[in-house]
Amino acid sequence: MAIEIVQPSVELSKIALSETHGEDSPYFAGWKAYDENPYHELHNPSGVIQMGLAENQVSFDLLEEYLESNLESSNWGQKVSGFRENALFQDYHGLVSFRKAMASFMEEVRGGKAKFNPERIVLTAGATAANELLTFILANPGDALLVPTPYYPGFDRDLRWRTGVQIVPIHCESSNNFQITPEALEAAYDHARSMNIKVKGVLITNPSNPLGATIQRKVLEEILDFVTRKNIHLVSDEIYSGSAFYADEFVSIAEVLESRNYKDSERCHIVYSLSKDLGLPGFRVGTVYSYNDQVVTTARRMSSFTLISSQTQFLLASMLSDKEFTRKYIKINRERLKKRYEMIINGLKKAGIECLKGNAGLFCWMNLSPYLEEPTIESELAIWKTIMHEVRLNISPGSSCHCSEPGWFRVCFANMSEETLEVALSRIHEFITTRKQ
Amino acid sequence: MKPNFQNSANNPPETTAGSTGIFTDMRVIVPLQGVVQGGGSGVVLGSIIPCALFYFLQLYLKSKNRTGDDPSAPPPPQLPEISPPGGELQRAQSVRSIWSPRGANGQAQVSSRGSSVIKHPDSPYHLGLKRASENPYDESRNPDGIIQLGLDENKLSMDLVQDWLMVHTKCSTICQELQINGITAYHPFDGLSELKMAVSGFMSQVMEGRVFFDPSHMILTSGVTPAIEMLVFCLADVGNAFLVPSPYSPDLDRDIKWRTGVEIIPVPCRSSDNFSLSTTSLNRAYNKAKKRGLKVQGVIISNPSNPVGNLLSQETLYNLLDFATEKNLHIIATEILAGAGDDKNQEFVSMAEIIDSEEYDRKRVHIIYGLSKDVSLPGFRVGVIYSSNQNILQASKKLARFSSISSVSQRLLISMFNDSRFVGEFIRTNRERVERMSSLFVGGLKNLGIKSMKSSRGSYCWADMSGFIRPYSEKGELELWEKFLNVAKMNVTPGSCCHCIEPGWFRFCFTGLTENQIPLVMERIQKVL
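Residues numbered from 1 in each chain as written. Chains lettered and ligands numbered in written order. Predicted model: local features only at pLDDT ≥ 70, side-chain atom pairs only at ≥ 80, totals over all residues. Heavy atoms only, no water.

- The name an unreviewed UniProt entry gives chain B is Aminotransferase class I/classII large domain-containing protein, with Deinandra increscens subsp. villosa as the organism.
- The record held by UniProt for chain B lists under Sequence similarities (unreviewed entry) the comment "Belongs to the class-I pyridoxal-phosphate-dependent aminotransferase family." (UniProt positions renumbered as here; feature names shortened; annotations may be inferred.)

- Chain A is annotated in an unreviewed UniProt entry as Aminotransferase class I/classII large domain-containing protein of Deinandra increscens subsp. villosa.

Pasting the structure below:
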């Protein structure tokens, strides 16, 4: 019998031990502060108000109303048990009716300006999984995706952690409202090449998180030209497409491709999800839509790792295909978000704070650089900590989003009631007033 | 801990798992290095010239690549992928991405992980599934269609679950979910704690109270497939290996190897031993891996074993634990609890029962429960990772975000599992139906002169058709498989897809059938004998 040696426990992998999940960054630290002392109108009015979570709760009453009025109780069980449809259920292909419903909904969100083929829809358990899946398919370990800054902090984890793929930032600046320029694209590409890193694609978020702004058509065309020249892929994460305040201000890459008769479209892939537009993050419904047959086939097989339950599909299929409902929902959702946005912008303005001019999303991009001690990340974090602990608001510092200029913050406004938003604004007002003295 | 987000303009992004940053630099130098490692300076000199030529060829091709677009000329073929550091191992499918583009304009290539699916010709397992789903048998509408006996799913008790759902699902269940959304606005990706508790109760009930499953040691995932992959990601680096007793489920090739870059070393089991797992064969496989320079991180077993269907004895499990302790390995055990029950001949022993004893380090054992099979509703997709290893739990919790169970399913399951009367009835009825179907099917095969492994567990039957194949080889086996598909119009899984070293064995999944379909199935099988 071997001598008992006290050893550290059996080994774990590099991935298990790596910090790439990013959960130690300030983006997530703020959540912890909130969890420990969450604001509640009645029970904890001095608690931390959560403004770091991009969730959409402004329209869930519409969903509730639809569900209650459109489906009688007897129908529920049938819907969910998939009584009639189970015989045709085919694993990772997903329910045909649900894929058709998703395609239809995606078309509605784009006001019918683009068509989607249900056969190209691959279902995943959320956009997080969709982005990771595409990265696995498009890039090898060590390769890179170019991503414009500032970007969603979760990308560091979703695109890099298990895939071994790198992110090389495309630097955007406030001087032109953080728009992506051809120069910035080239610079990022060259930077990657100078480090001997192979670039496999560009990943954009449109409308942008954290900017809260849509990408202009002209810029989309430039990006498409760029990826074609370099013979790389383009992933367009359009999960906030239904959250653009004005329907005609959002242009999807699908529209650009359609106008080019789908030439070179095989390098393009769209990610969508119901989490933001429909406010159903818990349902875990995401999709990869690819114009590339090989990617569709591979993604479908790979989606075995991240399937949507058939109950969820059964449940949502009829709702998403109901054009009358979806049209109404999308329209009202846009209006409500716009109203919230104006409320927060005006409130901040009164406090003397400027924001980036935005037109989409569940957040605004706030500029506190005039209030920094020094134009450095340290000062940004210092003010962030103050806001978290003294003002008791959890907002996301631009540095977590890899913004190249310190002092910007993402502030979410759609995950709370109007009253709570008022409270938050008054706290900010007070904070700035005090600071000015 | 200092936050990790320096200004990215100055610091290149960090790479993760493996020294992947280095090999891209070595892309041009590898041929030389490979030769040098081969040993002997004479060899080096003799090989430098062709290598230098290769080197210059690569440079030439690279510069051609860079000189802008010339739409009429196809881009140069992609150079072969360098194998990841750590070994000369390569699965046949992953290395090459030499690519001939369609049309004059080159296509942006996909990764080797992406192209492996397309380049590797579909295995019979996948082909069969595809054909059966394209032309499915239906008693009234498509009586000439292909009967699906290749999909390991249990539909025998689907009606019970559907009936329950019809009665118990209320709009309030779903709307409650939306409400909760509104209040907490944060979903733990590894499952609601209420569900973990309900799962704990359900599993205990199935195990007839013999084990208590601690909810805080659970990670819930959308199925067994992501659960297996997650554990592999946590326990092994690219190029490491796991020992897997063969024959094993064809899905494991995908779950364990595809995106992780981890290898499988099969541990062959033989019919002469009733396909049982021995320490001798484990040792043999371990040493084989060592000789190939592969680091073995653990053993992956299934209980009941798939595709054979037998239960692992207590002794086998103890021996496995001894082996793992000696070599300092992890054990991943996939268990289907529906395998549990009052079988007079052999009792199902869960790993969870065994590791309760003090002797073994609990931190090396990780159990995966595939509840979808237990609940007999395809599409529910519930997997449970059960481990006492805090590091594994923490890492898996973070990975769970990529494979979460939808809140709808979670709410439904919570209500269902908490209805212990229904659960008890369901477990009993389901067990009876599986046993009955099993004996009918096995009996039917016996009448045709086909012997199968004795097992009353699992939703499949492992049958010895070696007497019916000619020649006695994989080729003969695949010919019979094709006859099954094209003549008998049924999809079955040939043993070679399960990496069985003895030709002629086939897996028949019978829990997708109804009783009255069995005579038809037997009739069709007769056609190929």
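Points about the sheet that holds strand S12 (residues 396-397) of chain A
Residue and element names in this part refer to chain A.
Right, so step 1: The strand order across the open sheet built from four strands is S9-S10-S13-S12, with neighbouring strands paired in antiparallel fashion. A strand with exactly one partner marks an edge of an open sheet, and here the two such strands are strand S9 (354-355) and S12.
Right, so step 2: Lying on the sheet, helix H13 (residues 323-350) is in contact with S9, strand S10 (363-367) and strand S13 (408-412); it crosses S10 at an angle near 15 degrees. (Pairing = 2+ DSSP bridges. Helix = DSSP H or I, 4+ residues; strand = E, 2+ residues; numbered from the N terminus. Contact = heavy atoms within 4.5 Å. Axes fitted to C-alpha atoms, helices over the stretch in contact; angles between N-to-C directions.)

Side note on the pattern of salt bridges
Right, so step 1: Under the criterion given, the structure shown has 39 salt bridges over all chains.
Right, so step 2: Measuring nitrogen to oxygen at the nearest pair gives 3.2 Å for the salt bridge that ties B:Arg210 to B:Glu353. Residue B:Arg210 is located in the loop between helix H8 (193-206) and strand S2 (218-221), and its partner B:Glu353 is located in helix H13 (residues 351-354); the two are separated by 143 residues in the primary sequence.
Right, so step 3: When its relative accessible area of 31% is taken as the criterion, B:Arg210 is described as partly exposed.
Right, so step 4: By relative accessible area, which is 22% here, B:Glu353 ends up partly exposed.
Right, so step 5: Overlapping salt bridges, with partners in common, bring together A:Glu132, A:Arg162, B:Glu229 and B:Arg259 in one network. (Salt bridge = Lys/Arg side-chain N within 4 Å of Asp/Glu carboxyl O. Buried < 20%, exposed > 50% of the residue type's maximum accessible area, 1.4 Å probe, protein only.)

Considerations on the pairing of strand S6 (residues 233-237) of chain A
Each regular strand displays side chains that alternate between the two surfaces of the sheet.
Residues and elements named next belong to chain A.
Right, so step 1: Burial analysis of S6 places five of its five residues in the buried class, which makes it a mostly covered element.
Right, so step 2: Of the two faces of S6, the one lined by His233, Val235 and Asp237 and the one lined by Leu234 and Ser236 are each fully buried.
Right, so step 3: Since strand S5 (residues 199-205) and S6 lie parallel, the crossover through helix H9 (residues 217-230) that links them has a hand, and here it is right-handed.
Right, so step 4: Strand direction decides the pairing type here: S6 and strand S7 (residues 268-273), joined by four bridges, are parallel. (Right-handed = clockwise from strand over helix to strand, strands pointing away.)

Examining the nonpolar core
Right, so step 1: Membership of the largest hydrophobic core comes to 145 residues, with the highest contact counts inside it found for A:Phe98, A:Val202, B:Leu243 and B:Met351.
Right, so step 2: Counting residues per element, this core draws most heavily on helix H5 (residues 96-109) of chain A, at seven residues.
Right, so step 3: When residues no more than four places from it in sequence are discounted, the contact partners of A:Val202 are A:Leu146, A:Ile170, A:Ile223, A:Phe226, A:Val227, A:Ile232, A:His233, A:Leu234 and A:Val235.
Right, so step 4: Residues A:Ile49, A:Val58, A:Met343 and A:Phe363 belong to the second largest nonpolar core, which totals 102 residues. (Core = buried A, V, L, I, M, F, W, Y, C linked by side-chain atoms within 4.5 Å.)

Things to note about the sheet that holds strand S12 (residues 493-494) of chain B
Residue and element names in this part refer to chain B.
Right, so step 1: Pairing in this open sheet of four strands is antiparallel, and the strands run S9-S10-S13-S12 from one edge to the other. Looking at the sheet topology across the chains shown, the edges are occupied by strand S9 (451-452) and S12.
Right, so step 2: Pairing geometry for S9 and strand S10 (residues 460-464), over two bridges, is antiparallel. Note that in S10 the partner of serine 452 across the bridge is alanine 463.
Right, so step 3: Strands in contact with helix H17 (residues 420-447) are S9, S10 and strand S13 (505-509); relative to S10, the strand with the most contacts, it is inclined by about 15 degrees.

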